[in-house]
Amino acid sequence: MATKRITGFSDQIMALVKALRAETPDCVAAGVVDMATGMLLSYETVDTHPNEVLDLLAGATLDLFQGRTVLMIEDVFKERRGVQNDHHYFQEILVNSENLTHLFIRMNDSQDVVAVAVCRKSVNVGMLFAQARRVIKEYGGI
């Protein structure tokens, strides 16, 4: 797939969500969360969901990656390793729920942006990671 030059941030986010939704195996929903604001920037899903659930998704993503305890763990690792930057250690998180598999990935060039792909639980997890990482790499400059 040829990479198109997309100029606006909003257009890049929407293109990323469409690509994740289309190119990730067994994907039923995709979205992008801004960790700085805790907002769901864009999403695409095969089903309808109440707005409260979508708002909670953004907050849950923030807790997963930058909750108080997670930040404490990162600070301990940084202190022990002598690291003095703001880079986060946790880059990808896979969550299996009763019927779905949720993959959360930080964007490479923007640590405050997390892409989410939600797939049927029957998904091949290796293919999920491979395809999602490929899409993220393509849009990594967001």
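Everything here concerns the structure above.
Thresholds, definitions, all that
Residues numbered from 1 in each chain as written. Predicted model: local features only at pLDDT ≥ 70, side-chain atom pairs only at ≥ 80, totals over all residues. Heavy atoms only, no water. Salt bridge = Lys/Arg side-chain N within 4 Å of Asp/Glu carboxyl O. Helix = DSSP H or I, 4+ residues; strand = E, 2+ residues; numbered from the N terminus. Buried < 20%, exposed > 50% of the residue type's maximum accessible area, 1.4 Å probe, protein only. Patch = residues over 30% accessible without salt bridge, like charges linked within 9 Å, V, L, I, M, F, W, Y side chains within 5 Å. Areas by Shrake-Rupley, 256 points an atom, 1.4 Å probe, with all protein chains shown as cover. Axes fitted to C-alpha atoms, helices over the stretch in contact; angles between N-to-C directions. Parallel < 35°, antiparallel > 145°, perpendicular 65-115°, else oblique. Contact = heavy atoms within 4.5 Å. Nonpolar A, V, L, I, M, F, W, Y, C, P; charged D, E, K, R; others polar.

Trainee: Would you take a moment to explain the pattern of salt bridges for this structure?
Mentor: A side chain with one charge can pair with a side chain of the opposite charge if their charged atoms come near. Under the defined criterion, the tally for this structure stands at 4 salt bridges. For Arg134, the salt bridge is made with Glu23, and the minimal N-O distance between the two is 2.2 Å. Of this pair, Arg134 sits in helix H4 (residues 125–138) while Glu23 sits in helix H1 (residues 9–23), and the two are 111 residues apart along the sequence. In this structure, Arg134 engages Glu138 in a salt bridge whose closest nitrogen and oxygen atoms are separated by 3.6 Å. Taken together, the residues span about one helical turn, with Arg134 and Glu138 both in helix H4 at a distance of 4 residues. Classification of Arg134 as partly exposed rests on a relative accessible area of 34%. A relative accessible area of 22% places Glu138 in the partly exposed class.

Trainee: Mind showing me how you'd approach a nonpolar patch on the surface here?
Mentor: Together, Phe9, Met39 and Leu41 line one region of the surface with nonpolar side chains, adding up to about 280 Å² of accessible area. By the secondary structure assignment, Met39 is in strand E2 (residues 39–45).

Trainee: Is there a simple way to think about the packing of helix H2 (residues 51–66) against helix H3 (residues 68–81) in this case?
Mentor: Running from N to C, H2 and H3 point in directions that differ by 25 degrees, and their axes come no closer than 6 Å. Taken together, the axes of H2 and H3 lie roughly parallel to each other. Two secondary-structure elements touch here, H2 through Asp63, Leu64, Phe65 and Gln66 and H3 through Arg68, Val70 and Leu71. For the contact of H2 with H3, the class distribution of residues is 4 nonpolar, 1 polar and 2 charged.

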